[in-house]
Structures are given as structure tokens and as C-alpha cells.
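Residues per chain are reported as follows:
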Amino acid sequence: MIIDAHIHIGKWSEVFFGYSSTVDEAVETMKRFGVSAAVCMPADATRNEDLYNETSARDDFRFYYKAWINPDDPELDGFLKRNIDNISLFKIHPSIQRRRITDDSYDKYLQLAAEKKKPVVVHCGRWQDIAGYRFPLECAVKYPELILILAHLGGDQPSLYLECSKEILKPEYKNVYLGTESVREFYFVNQVVNTAGAERIIFGSDYNLCLPGTFIPVIESLKIPSSDKELIFSGNILRLMGRS
Amino acid sequence: MKKKILHIAPQNFAGMPHDFVKMHRSFGHESRLLTMYRNTLNFEEDICLGLKLQTGSFARKWRNKKVDMNTGGGLKFAGPGNSAEKLFFEFRDIKNSAVIEKAVKEYGLLDFDIYHFDGGMDLYRDVRFARRLKDMGKKIVCCYFGSDLRSRGIFSELDSISDLNLTVEYDHLDLYKGINYIFFPFETSGYEIRERSNSAVKIIHSPTNRRFKGTDKILNVIDEVKKIRNIEFILLENMDRHEVLKVKSTCDLAIDQVGGEMGGSGYGRNSIENLAMGVPTFTEFAPDYFRFIGENPFINSTIGSLKEDLLRLIDDKRERDRLAEFGREWVEENHSYRAVNRKLAGYYEKSNIEADE
């Protein structure tokens, strides 16, 4: 079974030129690529409430919901309060929000996530001053119960994610996982899996910006047992969401 | 539809007005740059009226006094401070008009579709050229590059007939509500990332103004770093820009401005040249500015963190290589003609100025 653990639906701000996609398109795309379920979150110009209501109402495809945590969103606290039991994960995007995950404004959400055992997916990218993987690792030390999934394997570039896969082996980072979304360098993904272990890797595509069909072959081509591939494709994310 | 776009500027400041012109041309528009005064820094000229800029000590003192008078916050308005100044500008308009009107005829300056007033200044102090254009139904854009808006201020009459106002400076957004930010265009194709195998990490600092760039403080930090790391430090000043570029391309790291008097003012063309050549660059941003720019490859340092940041990069070749690649990509994504033209086309559209990308 394949679960795409990292998809966006809705409208982006100018960061992606106002591009927009619908829930119908997401369902069609997921099915076309053999994806059985998806963990969805809004694009940055879409309301949590709108996407949550629309995806919850679908009975033709299984969506899990990942709440977009923008501390400046006046609706966020109310949304979380009303729906926390049905929200599976949180998403924090330091580059778009233009602040580190260690910024005080994220504190209460990290505390909530740790308390409610909601894994937090953190965008990690090349902008090291803001979205470097070392900042979520600081949070892992501050909140030992917090489950963190570092998106793009911790940096979306081999030089960053190879380093990150070694770093998370330290005992203080035992609750840190790596998401594969939009990483295309299959040879290095193999190295990451060998270093960190398949039980720490979670498959995602970064749809609606990318297609699952681009990245499923990266996991399929890994030189690991098929039981480990199963963990990456679905086992790990289901376990973290308490659904296995 | 391809358009005819004329840029009018007092000078080709830092080559930026001409970069806009070259950008328009690269997308098939017909574009010219008309400057009033010749620039002294070896930047390319197009049509230059060669008007005489008063450079004597009295004129310098007068300009400095105007800047000092205008150091407070808020939007400033340019204009004569007293009747003597008013008389001077009226006389200057009369004196310059023969040269200006000759150029208008010779170069068909009324035949363009869109007019960019770079620096927000008309050929005449009484804005008569821009008013004439407006009466003809032409589109007017004012673009600001630095001290024009910051110290001198806007010409209210030109501002009132402008269809679109642009700036390449972040701090202008606070001064002039509603002005539109645009990255300055930069042609990346002439810049290459050279293979570097320096035995000691080579660091360059090439200030145009020591006080603004924090040079003295930077030199102190470099002295400390030299005691514990094998580095080669190059300080370049008052050198032809083509020579500076040659040297910069051989360097592993560059320091633009850190700890300067205009602290936190980010980056300019100097830094973009570094990044285009794959030279990771230290500079200081005010926190708001840094957030505004978004994802970027700069090493944002203060004078307090510069030593530690330098040591980190000196010791980590892989990180330098990563930043070199990221820097080049970032310049192409944000400052390339393609990127800036796309942004400008969006602004044109919102302001009902017709021009294809």
C-alpha cells in the first residue's frame, strides 16, 4: 500500500504564482499513480478550515489531515481546538513563514503537538539561516516527546541530507524522521536509507507541485527488502499517526 | 505587442537603468536610455545629453546640506528650499532646454509608448517633459534606486501623473506606502563560476565607502581570523570594476557590508556579482529586510557573528560549494532578466500598461 504523506491542495500565494488545484484533481492524481491514501495539507493561500471540511467529506478516497501552522493566522487556534482529534499531523514551513521553527511564535503549537502526539512535518531547505535542519533538531532536544518529520530528507540537496541522516542517529533525536518528498537523487536516497534505517523514512511526493509518479520509482529502486519499502511507503506514517 | 520603452535618468547609477534597457531589448522591445549627466564609474552609456553637473565645492556643500536636512523619517518631497534655489533651477531649465529639445527631435523621444523616469526625475525641474508626455496619453513609470527617494524625495507633480511607481530598495517600502518592489535586473550570462583551488581560503572585501561597508570593523575581525586560520585576505578599493571582477572570480568568499553605518542594508550589485560567480557572500540585513527577501543564499552576519561565521565557512568547503551553487541559482531565479521582466509585466498589467513579456 502506498500512502503519500506529503501533498498540498488548494491555492498558493505568489510564492508559486497563485497556482491552484482542487480536491477532485488530487483524488484523480493519487488514484492514477496507485496511491491508496494521502496526508493532505493546504497550500499557503488556502484556509485550513476549507480544505479540512472538503477532504473530510470525501468517501471515495482516504485523506488524513495535516494542519498548516501559520502563527499569524487568526483562525488557527480555533480551528485546532475544534478539530484536534481528527487532525493527524502539523506542518510548519519556516521558509514561507520566514521564521525559524525555534521562533517563540511556534512554541505553543510544538507543545500541543508533543502533548497530543501529533507528528510535526517541518520544511527543511537550502535556506540554512531559516530552514536548516539544525533548528528542528534543537526543538527535538527542547521537546523530547515531540515527533518530527524533516521534509525533503532534511534539506533537498545531497550535501545537506546525507549529513542530516547521520545527525539524526544521535540518541537525542530518536523521534526524528525524514520525509522523501521531492527528492530525486535515487542513489543518495539509498545512502540515506542505509544510514538512518528504513524505519525512519517516510514517502511523500509534494503534490500539487510534483507528481507521485515521479518519486514512487525512487523508493521502488532502493536496494532494501520489500518489507522495508512497505515501511517507507505506508508503515511508518501509519505507526506515527497511531493507525497501524 | 512589442513596445517602445524609454528610460530617462540623471545618470546610469550603478548601471541599473541600462540593465533595465537591456532587459527590455532582450524581450524584443525597442528601448533606449537617456541620461542627463555622464557617469564616472565606467558604466555603459546610451544617449547621454552630457549636461554639466555642478561638481565644485559649493555645489557639494549644497548637496550635502540638502541630504542633512532630509535625514528624518517619512516621505520627502523634492523642491527648492528658497527663492535662490528656485531661481537657479529655473535658470538651469532655460539653459538646458536647447540641448534637451535637440535630443527630443534627434532621437524621436516623443515616439515611445512607455517612459520610465529612473530616479523619479524629469529632464526639467518643472516637469514639463513628463506633462507633455501625459497629455499625449503616454504611460509613465517612476523607479527609485536609493537616495533619490530616501534623501531627496519625490517630485510631487511627476508623482501625481505616474501610472506606476517602482523601487529596488527595501527601505523605500516604508517611506512610500504602496510603492512596488522589484529586484534590479542583472544579466547573468557574462558571469561564470570558476574552478578554484586556492591553497589558503581567499576572502575579498571591495568597499566603495568604508564607513557604509564597515570596513574598519571587518579588518579587525579578519586580523583575529588570520591568527587561527590560513587565509588570504584581499582588500580592493578604487579599482576599475572590470579588474575588481577578475579578482573577485578567483575568491572563495566575499564580505559585502557588515557593521557599517548604514547597518543592515543588505546587498547591491556588488553582492549579486559575487553570487553570480559562485562566491558565497557575507552581508548584514536588518531582520525585517531579511524576512522580506525570503529564501536566499546570503550569509547574514553581524559584526558580532562575523568571526564565527567566517570560521564555519573557512572550515567547510562542502558548505561553500553548496552556497556557491545556491547563490548562482538564486540570482537567476530573482535577478535575471527573465525573472525581473516577468515581475515587471505583472506590474504593467495591474497598472493598465500594455506590454508583452
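Give a description of the nonpolar core that names residues and reports values.
Leu-148 and Leu-150 of chain A are the most contacted members of the largest nonpolar core, which totals 67 residues. Setting aside its immediate chain neighbours within four residues, Leu-150 of chain A contacts Val-122, Cys-124, Tyr-133, Pro-136, Leu-137, Cys-164, Ile-168, Val-176, Tyr-177, Leu-178, Gly-179 and Glu-181 of chain A. Residues Trp-127 of chain A together with Ile-218, Ile-272 and Tyr-337 of chain B belong to the second largest nonpolar core, which totals 65 residues.

Quick rundown of the sheet that holds strand 7 (residues 180-181) of chain B? Include the residues and the values.
All names here are of chain B. Pairing in this open sheet of seven strands is parallel, and the strands run 3-2-1-4-5-6-7 from one edge to the other. This sheet does not close on itself; its edge strands, each paired only once, are strand 3 (47-48) and strand 7. Of the strand pairs in this sheet, strand 6 (residues 164-167) and strand 7 are connected by two bridges, and their pairing is parallel. Looking across to strand 7, one finds that Leu-166 is bridged to Asn-180.

Requested: an account of the packing of aromatic side chains, with residues and values cited.
This model, assessed by the stated rule, comprises 28 aromatic pairs over all chains. Ring geometry for Trp-12 of chain A against Trp-68 of chain A: centres 6.4 Å apart, planes inclined by 80°, an arrangement best described as edge-to-face. Pair noted here: Trp-12 of chain A is in the loop between strand 1 (3-11) and strand 2 (20-21) and Trp-68 of chain A is in strand 4 (residues 62-68), with a separation of 56 residues, a long-range link. Each member of the pair, Trp-12 of chain A together with Trp-68 of chain A, is buried. Cluster of aromatic residues (ring-pair linked, three or more members): Trp-127 of chain A together with Tyr-170, Tyr-181, Phe-183, Phe-184, Tyr-267, Phe-285, Tyr-289, Phe-290, Phe-292, Phe-298 and Trp-330 of chain B. Across from the ring centre of Tyr-177 of chain A, 5.9 Å away, lies the NZ or CZ of Arg-200 of chain A, which sits over that ring. In this arrangement the basic side chain of Lys-4 of chain B is found over the ring face of Phe-112 of chain B, its NZ or CZ atom lying 5.1 Å from the centre.

Report on the interface of chain B and chain A, specifying residues and quantitative values.
The interface of chain B with chain A comprises 18 residues on the first partner and 13 residues on the second. Taking both partners together, chain B and chain A bury about 1400 Å²; carbon and sulfur atoms supply 44% of that area. When residues of chain B are sorted by the area they lose upon contact with chain A, Glu-295, Arg-318 and Arg-322 of chain B head the list and together hold 38% of the total. Taken together, chain B and chain A are joined by two salt bridges. The closest approach of N and O atoms between Glu-14 of chain A and Lys-343 of chain B, which form a salt bridge, is 2.3 Å. Between the two partners, chain B and chain A, sit five residue pairs in polar contact (both at pLDDT 80 or more). Among the secondary structure elements, those contributing two or more residues to the side of chain B that touches chain A are helix 12 (287-293), helix 14 (317-334) and helix 15 (337-350) of chain B. Among the elements that line the side of chain B that touches chain A, the one with the most residues is helix 14 of chain B, at seven residues. Broken down by class, the residue content of the side of chain B that touches chain A amounts to five nonpolar, three polar and ten charged.

Quick notes on the rules
Residues numbered from 1 in each chain as written. Chains lettered and ligands numbered in written order. Predicted model: local features only at pLDDT ≥ 70, side-chain atom pairs only at ≥ 80, totals over all residues. Heavy atoms only, no water. Core = buried A, V, L, I, M, F, W, Y, C linked by side-chain atoms within 4.5 Å. Buried < 20%, exposed > 50% of the residue type's maximum accessible area, 1.4 Å probe, protein only. Contact = heavy atoms within 4.5 Å. Pairing = 2+ DSSP bridges. Helix = DSSP H or I, 4+ residues; strand = E, 2+ residues; numbered from the N terminus. Phe/Tyr/Trp six-rings, centres within 6.5 Å; stacked < 30°, edge-to-face > 60°. Lys NZ or Arg CZ within 6 Å of the ring centre and 35° of its normal. Buried area = accessible area lost by both parts, 1.4 Å probe. Salt bridge = Lys/Arg side-chain N within 4 Å of Asp/Glu carboxyl O. Polar contact = N/O pair within 3.5 Å; in protein donor to acceptor, adjacent residues only side chain to side chain. Nonpolar A, V, L, I, M, F, W, Y, C, P; charged D, E, K, R; others polar.

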